[in-house]
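One letter stands for each residue in the lines below.
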Amino acid sequence: MVANLLRLKLLLLRNGFRRSPWQLVGIILGGVYGLFVMALLVAGLIGLHQTSVTVAGTAVVLGGSIAMLAWAIVPVVAGGVDMTLDPARFTSFPIPVPRLLMGMTLAGLIGIPGVATLLVSLATLFTWARGPLVLVGALVGSLMAVLSCVVLSRLVATVTTNLSASRRFRDVSRIIAFIPLMLLGPIVATTATAAEKSTDVFISLAQAFAWTPLGAAWSIPAELAAGHLGFAGLKFLIALVSLLVFAWLWKISMDSALVNPPHNSAVKRSGGKLGYFNLFSSTPTGAVAARCLSYWFRDPRYGGSLVVLPLMAVLFYFVGTQNGNFGQLLFLGPLTAFLLAWSISSDVSYDNTAFALHVATGTAGRADRWGRVIACAVFAVPVTLVFVLGACAITSRWDLVWGLLGASIGVLGSGFGLASVVSARYTTPVPLPGESPFKRPAGNTAQTMAVQFGGMGILTVLVAPELVLFITQLRTDDSTLGLINLLVGPLLGGILMILGVRVGGRWFDARAPELLAQLRINK
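What counts, and at which threshold
Residues numbered from 1 in each chain as written. Predicted model: local features only at pLDDT ≥ 70, side-chain atom pairs only at ≥ 80, totals over all residues. Heavy atoms only, no water. Patch = residues over 30% accessible without salt bridge, like charges linked within 9 Å, V, L, I, M, F, W, Y side chains within 5 Å. Areas by Shrake-Rupley, 256 points an atom, 1.4 Å probe, with all protein chains shown as cover. Salt bridge = Lys/Arg side-chain N within 4 Å of Asp/Glu carboxyl O. Helix = DSSP H or I, 4+ residues; strand = E, 2+ residues; numbered from the N terminus. Buried < 20%, exposed > 50% of the residue type's maximum accessible area, 1.4 Å probe, protein only. Core = buried A, V, L, I, M, F, W, Y, C linked by side-chain atoms within 4.5 Å. Contact = heavy atoms within 4.5 Å.

Some thoughts on a nonpolar patch on the surface
Alright, step 1. A grouping of Val136, Val140, Trp211, Phe231, Leu234, Phe236, Leu237, Leu240 and Leu244 is seen on the molecular surface, where their side chains present a nonpolar patch of about 780 Å² in accessible area.
Alright, step 2. Looking at the nonpolar patch element by element, the count peaks at six residues for helix α13 (residues 229–259).
Alright, step 3. Among the secondary structure elements, Leu237 is positioned in helix α13.

See below:
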């Protein structure tokens with residue numbers, strides 16, 4: 001049974017190289033990148049042989065703990081990464097669970113992540129080539145650590161099998177996975193700053209991880225090299241017990257998953273509750289606004305853009321802590337208004353086949369345009385105001401609040417107007433409903449870039465008066481310019497918004513069938 005699983009896994013891996021030429025190129029490029037990263041890690045581990053036991057132990061324990069944590073997190077945030085080992089695929093086969101677990105453990109090592117982890121772990125033998133006993137401890141610890149990585153990964157994947165069957169869980173996990181990527185810069189910079197000040201924090205962190213299942217196995221050779229045989233024995237017991245507990249929990253969860261396979265449960269809806277439709281009037285404009293607002297808070301393709309906003313504020317604040325100047329926060333309000341207002345330029349594209357309902361019911365263009373603007377404005381206005389007031393509070397520049405409010409409101413209005421025109425004329429390839437919000441769809445890339453960058457360029461020109469007034473006030477400290485901006489921004493933005501909705505509505509009425517046809521082409 002174990003041999004059959006390994007053979008099938010190798011067969012699937014081989015078939016991956018028999019796909020289209022472009023897929024083969026992608027696999028090769030990914031493999032080359034993986035080999036490059038692995039070579040750097042191996043070179044670093046070899047170089048640690050020349051360092052002290054403390055430095056080598058700290059680096060190995062921290063790196064190994066991060067690797068094991070990654071193996072545990074990936075099945076959650078990227079459900080379905082290795083569908084060949086999905087427990088649901090084995091529900092109809094009378095395979096003894098112990099054999100199935102053994103086969104899935106060894107099969108988990110087949111693939112780029114498993115091979116890379118195994119080879120890098122064995123490279124620690126070069127780091128700990130400091131005596132026969134230390135070398136044996138490094139070999140035993142590395143093998144136990146790799147097995148723990150695979151078993152922990154399969155345990156998490158099995159436990160979350162039922163959760164992975166939920167579309168809501170998959171959608172949320174994809175967005176959560178994007179957060180560490182956005183914060184990677186601050187994390188790396190903070191770590192580098194801490195390292196420059198003192199390495200004690202890393203040593204203390206490694207010592208803490210060494211007594212946990214994440215780092216116990218990796219710390220065994222360090223204790224042996226330091227002559228702490230008792231501590232090495234305790235670390236071995238912690239690693240062994242952790243591996244056995246992971247395997248035992250995996251067996252229990254596998255028994256449950258095989259008897260009760262995951263299924264998509266129907267969504268229960270209470271009668272009489274129409275969600276956001278209860279918040280708007282019973283008019284075409286209100287119906288469009290309610291539907292679009294539902295998308296903003298329930299569709300992960302919209303939610304992904306909303307997550308960027310607080311992360312952007314964190315990045316701006318982090319930059320201020322690094323250079324001691326929080327002035328860039330003052331531009332967070334107008335920038336947020338710019339991005340949110342322009343986001344509805346792709347609203348029709350995100351509708352996909354649901355846009356056919358607008359065409360079939362003969363929804364008026366003006367009602368469609370206003371509905372989309374209102375839905376976005378429901379949260380765009382409060383978020384923009386919070387960022388404006390927060391920036392003024394952090395920078396203690398309350399003298400700029402009126403000018404900043406005027407500029408931000410003007411940007412919102414102008415953006416809504418231009419986006420209403422663009423979305424009635426052009427559609428762009430976007431992820432389909434249910435797909436990852438970060439997927440890059442196929443389509444006319446040149447047209448998409450021309451529409452998006454060209455539109456944002458035009459919007460920048462339209463909001464230039466408000467921005468020039470604000471920047472001038474910022475440099476001259478003339479509060480009169482702020483009051484002028486408070487008048488000019490909403491007035492100019494309101495005029496452009498009304499004009500854009502009217503023009504976009506006329507184009508919508510004239511081109512609704514063509515828009516639907518374009519959506520089918522982009523599908």
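Next comes the rest of the write-up.
A look at the pattern of salt bridges
Alright, step 1. By the definition in use, this model includes eight salt bridges.
Alright, step 2. Put simply, Arg372 and Asp351 hold a salt bridge, and the shortest N to O gap is 2.6 Å. Pair noted here: Arg372 is in helix α19 (residues 365–395) and Asp351 is in helix α17 (residues 347–351), with a separation of 21 residues, a long-range link. In terms of burial, Arg372 and Asp351 fall into one category: buried.
Alright, step 3. One salt bridge in this structure joins Arg369 and Asp368, with 2.6 Å as the shortest N-O distance.
Alright, step 4. Take Arg369: its relative accessible area is 1%, and that puts it in the buried class.

Side note on the nonpolar core
Alright, step 1. If you look at the biggest cluster of nonpolar residues, it comprises 49 residues, and the most contacted ones within it are Trp296, Leu340, Ile344, Cys376, Phe379 and Phe416.
Alright, step 2. Going through the elements one at a time, α14 (284–298), α15 (300–323), α16 (332–343), α19, α20 (401–422), α21 (445–462) and α23 (479–522) are the ones with two or more residues in this core.
Alright, step 3. Top element by residues in this core is α20. It accounts for ten residues.
Alright, step 4. What Cys376 contacts, discounting residues up to four positions off in sequence, is Trp296, Leu340, Ser343, Ile344 and Phe416.
Alright, step 5. Within the second largest apolar cluster, 42 residues are counted, among which are Ala56, Cys149, Ala206 and Ala217.

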